[in-house]
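# Results of the structural survey
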Amino acid sequence: MNQIPAGEFDLQHLQRGSRRHLRLEFQTNGQTYGFNLLAARGAQPGPTLLATAGVHGDEFEGVRAIFDLWRDLDPAEMRGDLLAVPVLNETAFWN
């Protein structure tokens, strides 16, 4: 997993037909925050879907759904791109 500043992420730099697990980080009020991003670029161009989960700490269904999708995903068969954040609010999730 690569850690990169959130402002430097560019989906266009990922190769078509591939997928990556990234950690995006940003700073606010002197503190560093971040989240894991699962990014898949389809072999063919198309729309981009953003899926987020883990916004509230006690809701695990969406987190599980994203990981299940990621496990079975084949970017070589995709048209378009997927950006998925399995746990958007890490503080709530871990509490």
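Quantities reported herein were computed from a predicted structural model and do not represent experimental measurements. (Residues numbered from 1 in each chain as written. Predicted model: local features only at pLDDT ≥ 70, side-chain atom pairs only at ≥ 80, totals over all residues. Heavy atoms only, no water.)

## Notes on the overall build of the protein chain
When helices and strands are counted, the protein chain shows 2 helices and 5 strands. The linear arrangement of helices and strands in the protein chain, starting from the amino end, is β-β-β-β-α-β-α. By the compact-globule yardstick of 12 Å for 95 residues, the protein chain fits well, its C-alpha radius of gyration being 14 Å. Across its three principal axes, the protein chain shows a C-alpha extent of roughly 40 × 30 × 20 Å. Residue burial in the protein chain is summarised as follows: out of 95 residues, 34% are buried. Pairs at least 24 apart in sequence give 63% of the contacts found in the protein chain among residues at least 6 apart. Taken together, the 8 basic and 12 acidic charged side chains of the protein chain have centroids lying 7 Å from each other. (Helix = DSSP H or I, 4+ residues; strand = E, 2+ residues; numbered from the N terminus. Rg over C-alpha atoms; globule rule 2.2 N^0.38 Å. Buried < 20%, exposed > 50% of the residue type's maximum accessible area, 1.4 Å probe, protein only. Contact = heavy atoms within 4.5 Å. Lys, Arg positive; Asp, Glu negative; His and termini not counted. Charge placed at Lys NZ, Arg CZ, Asp CG, Glu CD.)

## A short note on the nonpolar core
Core analysis: the biggest nonpolar cluster contains 11 residues, these being Leu38, Ala40, Ala53, Val63, Ile66, Trp70, Leu73, Met78, Leu82, Ala84 and Val87. Sorting the residues of this core by element identifies β3 (31-41), α1 (61-72) and β5 (79-85) as the ones contributing at least two each. Take this core: its biggest share by element is 3 residues, from α1. Not counting residues within four places of it along the chain, the set of residues in contact with Val63 comprises Ala53, Gly54, Pro86 and Val87. Membership of the second largest hydrophobic core comes to 9 residues, among which are Leu11, Leu22, Phe35 and Leu37. (Core = buried A, V, L, I, M, F, W, Y, C linked by side-chain atoms within 4.5 Å.)

## Here's the deal with the layout of surface pockets
Here the largest pocket is characterised by a volume of approximately 150 Å³. Listing elements by their share of the lining of the largest pocket, those giving two or more residues are β3 and α2 (90-94). The element that contributes the greatest number of residues to the lining of the largest pocket is β3, accounting for 4 residues. A breakdown of the residues in the lining of the largest pocket according to their chemical character gives 4 nonpolar, 4 polar and 1 charged. (1 Å grid on protein atoms, 1.4 Å probe; cavity = no way out; pocket = protein on both sides within 12 Å on 5 of 7 lines; lining within 4 Å. Points joined across faces, edges and corners; volume = space filled by probe spheres on them. Nonpolar A, V, L, I, M, F, W, Y, C, P; charged D, E, K, R; others polar.)

## Here's the deal with unusual backbone geometry
For Asn29, which is not glycine, the phi dihedral falls at a positive 50°. Asn29 gets classed as exposed once you look at its relative accessible area, which sits at 79%.

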